[in-house]
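Residue-level structure breakdown
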Amino acid sequence: PARPVLAFRTIWISDTHLGTSGCKAELLLDFLKSTDCETLFLVGDIIDGWQLRKGWYWPPRHNDVVRCVLKKAKHGTRVVYVPGNHDEAFRDYVGLNLGGIELLPEAIHETADGWICRRGNLHQIHSMLPGQINRVGQGNNTQLLSVDSNDTHFTGTDFPVDPDERGRRRMT
């Protein structure tokens, strides 16, 4: 039986690492197909360029995820892609709109209840260091990708919160 599609104002997705065997593409595709939103933020490490440089791994399900995102953009969802460190090659295209997907250096969003969410790592020192230094932790990260984290849940209290200049709560 078909499940109802859940509607949200905004969805944030990060660290999917398409292009790795640890990517949970089937779960991601199921999530994308079962949700609808006004804005979809893809915020860092959606595609793992570091692993793809080492060896090509791109099964059909990874294509299906990309097609699903492009379809959402075509049908009116605002899709914003903020490259992270593993997909840093996309930074060369920041400012462009590719297939309805906006590539931006960072994303800032105000939630319905006044939270300010900001994502972008251009200000982080590790993303500006030479490639070899930037990849020091890559081996550990690859191992972590194989961990199934389906039971991980976060609430607003799990993140450091600072008021902005207008007194609104924000997570960075």
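Residues numbered from 1 in each chain as written. Predicted model: local features only at pLDDT ≥ 70, side-chain atom pairs only at ≥ 80, totals over all residues. Heavy atoms only, no water.

1. Regarding the pattern of salt bridges
- Tallied over the full model, the rule gives 5 salt bridges.
- Glu88 is the partner of Arg53 in a salt bridge, and the nearest nitrogen-oxygen pair spans 3.8 Å. Placement of the pair is Arg53 in helix α2 (residues 49-54) and Glu88 in the loop between β3 (78-82) and β4 (97-98), with a sequence separation of 35 residues.
- Asp64 is paired through a salt bridge with Arg67; the nearest N and O atoms lie 3.3 Å apart. One end of the pair, Asp64, and the other, Arg67, are both in helix α3 (residues 60-74), 3 residues apart, so they sit about a helical turn from each other.
- The exposure class of Asp64 is partly exposed, given its relative accessible area of 22%.
- Counted as one network, the salt bridges with shared partners bring together Glu26, Arg61, Asp64 and Arg67. (Salt bridge = Lys/Arg side-chain N within 4 Å of Asp/Glu carboxyl O. Helix = DSSP H or I, 4+ residues; strand = E, 2+ residues; numbered from the N terminus. Buried < 20%, exposed > 50% of the residue type's maximum accessible area, 1.4 Å probe, protein only.)

In short, geometric facts, not functional conclusions.
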